[in-house]
Amino acid sequence: MRVIAIDGPAGSGKSTIARHLATELGVAYLDTGAMYRAVAFAALRRGVDPGESDLVAAIVRDLELEIGPDGVVVDGVDATVEIRGPEVTKAVSAVAANPVVRAELVRRQREWVASRGSAVVEGRDIGTVVFPDAELKAYLTARLDVRAGRRHQEVSDLDYDAVAADMARRDTVDTEREVDPLQQAGDAVLIDTSDRSIDEIVADLMERL
Ligand code: DC
């Protein structure tokens, strides 16, 4: 089994780099953030407050979740577009702070990769918790203005200041939560993506394999 772990905050370039690296290596790509988003989507769809930890824990236990290269299916409903929307984005940090949700999703992430043999896996705790023995761990960062600028381009219906403020809020929740907070693994390569091209970063990582 070959696992490459890509961690870092929102807008650091994780998804882009992880996708390119997976293509380059000819292995699967798993976006674990999409799984947390899928749980938040399921809670909202059932009218459950994402902060109600017991109710959200009950949802995740028997949630039907399919993560593929083309999208995300939650309980038979295609949620690919909606999990990126503002409602889910607002709700997801509370869901990701829930220890029952984390335990269940970590279990599913290991299973997903094991069944495919190898993968590039992106998230917040991949190198620290999910795959501590990954062949290569990268922790991506970028300046807040750069990260907010990237996200703003993706969700152009929100103004830049709102995107930057929401990102700063999520950074705080993700790094300060008690269960598996966002942090750099001791043996991860730290890469600032603010002023480097995608090709350059992918080539750099390929050289380290
Ligand atoms: O990468 P993203 O923005 O799609 O992640 C959505 C949320 O899920 C974000 O608030 C952090 C959380 N997350 C996490 O706690 N652990 C992961 N492995 C992946 C994402």
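First things first, this report covers the structure right here in the doc.

Reading guide: rules and limits
- Residues numbered from 1 in each chain as written.
- Predicted model: local features only at pLDDT ≥ 70, side-chain atom pairs only at ≥ 80, totals over all residues.
- Heavy atoms only, no water.
- Salt bridge = Lys/Arg side-chain N within 4 Å of Asp/Glu carboxyl O.
- Helix = DSSP H or I, 4+ residues; strand = E, 2+ residues; numbered from the N terminus.
- Buried < 20%, exposed > 50% of the residue type's maximum accessible area, 1.4 Å probe, protein only.
- Axes fitted to C-alpha atoms, helices over the stretch in contact; angles between N-to-C directions.
- Parallel < 35°, antiparallel > 145°, perpendicular 65-115°, else oblique.
- Left-handed = near helix turned anticlockwise from the far one by under 90°.
- Contact = heavy atoms within 4.5 Å.
- Nonpolar A, V, L, I, M, F, W, Y, C, P; charged D, E, K, R; others polar.

**Here we look at the pattern of salt bridges**
Then step 1. Enumeration according to the criterion identifies 19 salt bridges in this entry.
Then step 2. For the salt bridge of Glu154 with Arg151, the shortest nitrogen-to-oxygen distance reads 2.9 Å. A residue pair is termed a helical-turn pair when its members lie 3 or 4 positions apart in one helix, as Glu154 and Arg151 do in helix 7 (residues 144-154) at 3 residues.
Then step 3. Glu154 gets classed as exposed once you look at its relative accessible area, which sits at 56%.
Then step 4. With relative accessibility at 22%, the residue Arg151 sits in the partly exposed group.
Then step 5. Note that Glu200 and Arg196 form a salt bridge whose closest N and O atoms lie 3.4 Å from each other.

**Thoughts on the packing of helix 2 (residues 32-45) against helix 5 (residues 99-116)**
Then step 1. Viewed as axis vectors pointing N to C, helix 2 and helix 5 meet at an angle of 135°, and their least axial separation amounts to 11 Å. With respect to their mutual orientation, helix 2 and helix 5 come out oblique. Helix-helix and strand crossings are classified by hand; for helix 2 and helix 5 the assignment is right-handed. Two secondary-structure elements touch here, helix 2 through Thr32, Met35, Tyr36 and Val39 and helix 5 through Val101, Arg102, Leu105, Val106, Arg108 and Gln109.
Then step 2. Looking at the contact of helix 2 with helix 5, its residues break down into 6 nonpolar, 2 polar and 2 charged.

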